[in-house]
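As a plain string of letters, each chain reads:
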Amino acid sequence: MSPSILPSPALDIQGVSHGFGAKPVLHDVTLRLHRGQFLSLVGPSGCGKSTLLRAIVGTHPPRQGAIRTFPMNRGSEGVAVLGPGRDRGIVYQQYSLFPFLTARQNVAIGLMLDETGIPFRFFRWPRWRRLRRQHLRQAEEMLVSVRLGDALDLYPHEMSGGMRQRVALAQAMILRPEIILLDEPFGALDEATRQDLQEMLVDLYQKNRHAQESGGMPSLTLIIVTHELNEAIYVGDRVVGLSQYWNWRADGHSACPGATVVYDKPAPVFDLRTQREFERFAAQRNEIRHVVFEPSSQYPRHQHVTYDQESGAPANA
Ligand SMILES: Nc1ncnc2c1ncn2[C@@H]1O[C@H](COP(=O)(O)OP(=O)(O)O)[C@@H](O)[C@H]1O
Ligand SMILES: [Mg+2]
């Protein structure tokens with residue numbers, strides 16, 4: 001275990017609230033992620049985790065509040081999220097690949113659609129063919145990096161669920177997003193496959209740290225939504241709990257105003273040489289279960305939101 005990555009902002013969520021019709025879902029969610037951070041987001045089913053991810057992706061803007069990203073080439077001011085952008089990618093639990101394309105083609109297609117329009121493909125055919133070969137080579141490299149080097153030419157129906165999720169991850173990563181959002185990405189997989197993919201993420205996190213140790217910028221900031229607390233603690237360097245169970249009565253409201261951040265603490269950092277001894281997580285796991293998932297808990301809102309103090313990072317505001 002060693003200290004987590006030092007702060008430089010990657011994503012800033014300020015006072016985000018959202019609801020559907022009269023139903024409040026998210027209430028005043030504020031979070032600042034540092035570049036290279038891997039944050040695990042947990043919370044009761046239906047509390048608004050996917051809603052928050054969709055707000056960050058930009059497909060579903062929140063009713064209130066603001067979200068900014070800090071793309072590397074755009075200075076330190078940050079850019080307001082007003083819609084989807086190439087700096088952010090998302091992978092869902094049931095990611096559907098194109099059934100008629102191989103792994104390699106499925107990964108390359110993102111680049112092709114992103115970099116070329118139909119007129120280009122039509123009128124500049126020779127150049128398009130060259131570009132396409134280059135995209136396929138890049139896809140191959142990306143698939144090798146998610147340990148699918150021997151499955152390049154398989155079609156989705158020839159792959160296991162774990163392989164398909166790797167292809168989905170490669171498909172998102174090939175656009176080189178600075179922020180990647182994983183919405184219960186391993187929920188449908190068996191335990192062994194799931195551990196394998198968790199290790200892949202731990203490996204990516206280590207790459208971030210090596211980049212930073214050699215004076216560079218970590219390239220990937222990640223949020224993973226999971227309901228598996230061991231996974232949250234193992235993969236993330238920080239665990240955030242979103243919950244509708246907090247002491248909102250102190251605010252004088254008569255109805256729950258929605259889920260907010262009730263838990264925010266550092267999580268131990270692992271590398272692949274460390275045994276994953278889940279007994280060591282027991283105390284943190286119990287705390288999260290109690291604070292985030294138990295309706296009776298009703299803690300004052302900020303009692304377990306101590307990441308900034310504990311990590312020595314600058315305050316959110
Ligand atoms: N498009 C929608 N229209 C109406 N209600 C929605 C919509 N999307 C989500 N909700 C509701 O918002 C709440 C939060 O949903 P979601 O973000 O998917 O929760 P989670 O991912 O934490 O399980 C749920 O009660 C859900 O039913
Ligand atoms: Mg969800």
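As a starting point, this report considers the structure included with it. (Residues numbered from 1 in each chain as written. Chains lettered and ligands numbered in written order. Predicted model: local features only at pLDDT ≥ 70, side-chain atom pairs only at ≥ 80, totals over all residues. Heavy atoms only, no water.)

### Let's talk about the site of ligand 1
Around ligand 1 lies a shell formed by Phe20, Lys23, Val25, Ser45, Gly46, Cys47, Gly48, Lys49, Ser50, Thr51 and Arg54. Gly46 places a polar main-chain atom, nitrogen or oxygen, 2.7 Å from an oxygen atom of ligand 1. Computed on the free molecule, ligand 1 has an accessible area of 560 Å², of which 61% lies beneath the protein chains in the complex. Secondary structure elements with two or more residues in the shell around ligand 1: strand E2 (23-34) and helix H1 (49-57). A total of four residues in the shell around ligand 1 trace back to one element, the largest contributor, which is H1. Across the shell around ligand 1, the residue classes tally to three nonpolar, five polar and three charged. (Near = heavy atom within 4 Å. Polar contact = N/O pair within 3.5 Å; in protein donor to acceptor, adjacent residues only side chain to side chain. Areas by Shrake-Rupley, 256 points an atom, 1.4 Å probe, with all protein chains shown as cover. Helix = DSSP H or I, 4+ residues; strand = E, 2+ residues; numbered from the N terminus. Nonpolar A, V, L, I, M, F, W, Y, C, P; charged D, E, K, R; others polar.)

### Some points on the side chain of Gln37
Within the element layout of this structure, Gln37 appears in the loop between E2 and strand E3 (38-42). Side chain to side chain, Gln37 and Tyr307 meet in a polar contact 2.8 Å long. Those residues within four positions of Gln37 in sequence are excluded, and the remaining contacts are Arg32, Leu220, Thr221, Leu222, Asp237, Arg238 and Tyr307. (Contact = heavy atoms within 4.5 Å.)

### Observations regarding empty space enclosed by the protein
The tally for this structure, following the rule as stated, stands at three cavities of 30 Å³ or more. Estimates place the volume of the largest cavity at around 50 Å³. For the lining of the largest cavity, the elements supplying multiple residues, two or more each, are helix H6 (191-213) and helix H7 (229-235). The residue makeup of the lining of the largest cavity, split by class, is seven nonpolar, one polar and one charged. (1 Å grid on protein atoms, 1.4 Å probe; cavity = no way out; pocket = protein on both sides within 12 Å on 5 of 7 lines; lining within 4 Å. Points joined across faces, edges and corners; volume = space filled by probe spheres on them.)

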